[in-house]
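# A look at the structure
Letter by letter, the chains look like this.
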There are 2 protein chains.
Amino acid sequence: MSVLIVGSVALDSIKTPKHEHNRLLGGSASHAAVAAGFFAPVKLVGIVGDDFPRRHIGLYRRHGIDLDGLQVSPGKTFHWAGEYELNMNHRRTLKTELGVFERFQPVLPPAYQNTPYVLLANIAPALQHHVLDQMRRPRFVMADTMDLWLNIALDDLLRLLQRIDALVLNDSEARQLSHEDNVITALRKLHGLGPKYLIVKKGEHGSILSGPGGMFLCPAFPLERVCDPTGAGDSFAGALIGSLANSRGPIEPGLRRGMLYGSVVASFCCEGFGLTRTAKVTREQIDARVATLRKMAAL
Amino acid sequence: MSVLIVGSVALDSIKTPKHEHNRLLGGSASHAAVAAGFFAPVKLVGIVGDDFPRRHIGLYRRHGIDLDGLQVSPGKTFHWAGEYELNMNHRRTLKTELGVFERFQPVLPPAYQNTPYVLLANIAPALQHHVLDQMRRPRFVMADTMDLWLNIALDDLLRLLQRIDALVLNDSEARQLSHEDNVITALRKLHGLGPKYLIVKKGEHGSILSGPGGMFLCPAFPLERVCDPTGAGDSFAGALIGSLANSRGPIEPGLRRGMLYGSVVASFCCEGFGLTRTAKVTREQIDARVATLRKMAAL
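Report on the accompanying structure. On a predicted model such as this, the values are computed, not experimentally measured, just so you know. (Residues numbered from 1 in each chain as written. Chains lettered and ligands numbered in written order. Predicted model: local features only at pLDDT ≥ 70, side-chain atom pairs only at ≥ 80, totals over all residues. Heavy atoms only, no water.)

### Focus: the packing of aromatic side chains
All chains considered together, the criterion is met by 12 aromatic pairs over all chains. Measuring from centroid to centroid gives 4.8 Å for B:Phe39 and B:Tyr261, while their planes differ by 65°, and the two rings are edge-to-face. With a gap of 222 residues between them, B:Phe39 in the loop between helix 1 (28-37) and strand 4 (42-49) and B:Tyr261 in helix 9 (residues 251-270) connect regions that are remote in the sequence. On the accessibility criterion, B:Tyr261 (13% relative accessible area) is buried. One aromatic cluster in this structure is built from A:Phe38, A:Phe39 and A:Tyr261. (Phe/Tyr/Trp six-rings, centres within 6.5 Å; stacked < 30°, edge-to-face > 60°. Helix = DSSP H or I, 4+ residues; strand = E, 2+ residues; numbered from the N terminus. Buried < 20%, exposed > 50% of the residue type's maximum accessible area, 1.4 Å probe, protein only.)

### Remarks on the relation of the copies chain A and chain B
For the match of chain A to chain B, the screw axis carries a shift of 0.0 Å, the RMSD comes to 0.0 Å, and the turn is 180°. Both copies of the chain, as the preceding transformation shows, are related through a two-fold rotation axis. Scanning chain A for the C-alpha nearest the rotation axis identifies A:His205, at a separation of 3.0 Å. Same-surface contact between copies: 100% of interface residues of chain A are shared with the interface of chain B. (Least-squares fit on C-alpha atoms with pLDDT ≥ 70 in both. Contact = heavy atoms within 4.5 Å.)

### Points about the interface of chain A and chain B
Every contact between the two is made by 27 residues of chain A and, on the other side, 27 residues of chain B. Counting the surface lost from both chain A and chain B, the interface buries some 2,400 Å², and carbon and sulfur atoms represent 54% of this. The largest per-residue losses of area from chain A upon contact with chain B belong to A:Leu217, A:Glu224 and A:Leu299, which jointly make up 30% of the total buried on that side. A:Glu224 is the salt-bridge partner of B:Arg188, the closest N and O atoms lying 2.6 Å from each other. If you look at where chain A meets chain B, you find 15 residue pairs in polar contact (both at pLDDT 80 or more). (Buried area = accessible area lost by both parts, 1.4 Å probe. Salt bridge = Lys/Arg side-chain N within 4 Å of Asp/Glu carboxyl O. Polar contact = N/O pair within 3.5 Å; in protein donor to acceptor, adjacent residues only side chain to side chain.)

### Quick notes on the sheet that holds strand 2 (residues 10-15) of chain A
Residues and elements named next belong to chain A. Spatially, four strands are ordered 3-2-6-7 in an open sheet, and the strand pairing comes out mixed. Here the strands that pair on one side only, and so sit at the sheet edges, are strand 3 (20-26) and strand 7 (91-97). Each neighbouring strand pair of the sheet contributes to a mean axis angle of 20°, computed without reference to strand direction. In the sheet, strand 6 (residues 79-84) pairs with strand 7 via six bridges, with the strands oriented antiparallel. Within strand 7, the residue paired with Tyr84 across the bridge is Arg91. Sheet strands touched by helix 2 (residues 54-62): strand 2 and strand 3. Its angle to strand 3, the strand with the most contacts, is close to 55°. (Pairing = 2+ DSSP bridges. Axes fitted to C-alpha atoms, helices over the stretch in contact; angles between N-to-C directions.)

### Observations regarding the sheet that holds strand 11 (residues 197-201) of chain B
All names here are of chain B. Taking strand neighbours across the sheet as the criterion, the nine strands line up as 5-4-1-8-9-10-11-12-13 in an open arrangement whose pairing is mixed. Across the chains shown, the open sheet's two edge strands, defined by having one partner strand only, are strand 5 (65-73) and strand 13 (214-218). Averaged over all adjacent pairs, the angle separating strand axes in this sheet is 15°, with direction ignored. When strand 8 (residues 117-120) meets strand 9 (residues 140-144), the two strands line up parallel, connected through four bridges. Paired with Tyr117 across the bridge in strand 9 is Phe140.

### Section: helix 5 (residues 154-161) of chain A
All names here are of chain A. Every buried residue of helix 5 is accounted for by Leu157, Leu160 and Leu161. Projection of helix 5 onto a plane perpendicular to its axis shows the buried side chains occupying an angular sector of 100°, all on one side. Each element contacted by the buried residues of helix 5 is listed here: strand 8 (117-120), helix 3 (125-133), strand 9 (140-144), helix 4 (147-152), strand 10 (166-170) and helix 6 (171-178). (Arc of directions from axis to C-beta.)

What follows is the structure in structure tokens.
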């Protein structure tokens with residue numbers, strides 16, 4: 001079944017201690033859509049300016065992504081520039097030029113409104129609400145977020161938590177949102193805010209699912225070389241919802257399997273700048289790495 | 001089969017943001033021996049002063065620990081005092097009174113010299129060597145260490161790595177010893193220093209085994225309340241070698257299973273001050289928590 005993904009489409013300029021790349025295809029929706037596209041048909045909702053390079057459209061198309069929901073508006077595409085420290089764990093935003101993204105109002109083409117699986121990738125919670133308002137009874141809604149929205153749009157985010165099935169967030173966001181230092185205690189409190197399923201991303205330390213069936217501890221794929229972690233979390237969420245949309249049976253085993261796929265697609269994402277590595281990966285390579293990860297984590 | 005454990009026996013005074021306890025039974029050998037005792041007969045090698053409380057001897061005995069190798073010497077027992085910060089991830093040493101430990105020369109009773117499994121728990125590498133010198137062809141030797149020895153006894157430690165089968169260390173020690181920031185790269189370099197098996201402890205993020213059969217990613221048992229993490233690493237190593245000594249078949253599956261037991265015994269250790277919680281746990285409670293952990297990490 002198909003997945004609707006809304007989020008940011010951006011041009012990313014990324015600096016690491018060793019390299020620098022400018023105006024790569026990025027944004028939460030781009031990473032999530034390419035990742036989800038390995039598993040299920042994807043409908044993209046986003047906005048770009050008239051400066052958006054045609055080769056990026058080609059990349060989306062090669063991944064079978066439906067672009068009827070991608071608005072092209074006069075002006076400049078959202079541009080983000082950031083720099084990573086030596087250990088890749090801290091990044092600093094150097095520039096945020098919103099461009100056409102500033103006046104983005106997601107409008108869903110009629111054919112999108114019945115999409116059964118929805119990923120509200122990282123974007124202002126008000127826009128995530130706006131997309132949900134246009135959907136007709138989706139089967140499963142997952143939302144991602146970031147610390148920025150906890151700081152400047154907390155009320156919108158709290159209202160959103162009542163409308164979604166699953167929230168994806170990282171461990172520091174889980175602590176901030178719950179006012180709890182312990183992640184396990186945080187999970188218990190966050191369920192009280194609405195979501196039936198919570199997925200906490202811990203980067204190289206894996207991820208945790210919390211749901212009615214208990215907890216699932218998902219390992220990260222161990223990497224020797226992290227080239228650029230930008231978009232790893234979006235790739236994780238995209239592969240997770242894509243894999244879920246492509247699976248039968250009960251939700252929770254589907255989420256567990258999806259997290260394993262998410263870990264692996266995120267690991268490929270980290271091995272190249274922007275989407276350069278992910279865009280070249282095959283489904284066979286993903287499956288092979290999932291098999292390796294299963295073997296490494298078999299108890 | 002039985003396990004010989006050498007290490008420190010100490011009285012620990014521990015301060016956390018909420019509580020303070022003085023002169024609890026502690027030290028690497030105490031934690032490791034009690035943990036190993038759940039799985040196999042343990043022979044303890046260590047030193048205490050004539051002030052060592054009799055109730056601690058009783059605790060060892062209740063765990064079936066052979067104390068023929070525990071020297072009682074005129075003077076004071078090693079006393080360590082430390083304080084934990086709010087998040088329990090950082091601790092500060094407030095006091096180190098070596099007492100009789102300063103002139104410790106481990107002497108193995110003849111009946112100890114044929115013990116098939118050996119854990120050189122955290123102690124000066126020169127003393128770890130001294131114990132190995134007295135052993136007759138042990139089947140499996142595992143050593144633990146700490147950053148202190150990397151700083152002040154690196155040559156002794158490097159020589160030790162040539163004489164052991166497995167090294168247990170935490171992630172920051174693995175980075176320091178290998179001069180590599182990436183733990184996976186660090187593992188590869190550390191094998192070059194000698195040990196066939198490396199086990200990297202990452203606290204709440206689990207542990208990694210690296211051996212000829214590849215990597216094993218072992219989850220930590222998720223805890224809501226960490227009371228006192230002192231001795232968790234020693235408990236992990238003790239349960240690991242105890243479980244290994246108690247298992248048949250090839251080494252690597254035994255190490256994997258042992259790490260799972262190690263994670264669980266370490267989780268109990270964190271739930272009480274010093275050995276208070278671990279000493280009250282039953283083998284049935286350990287097995288039940290292992291079953292829960294297996295369920296939470298099943299792929």
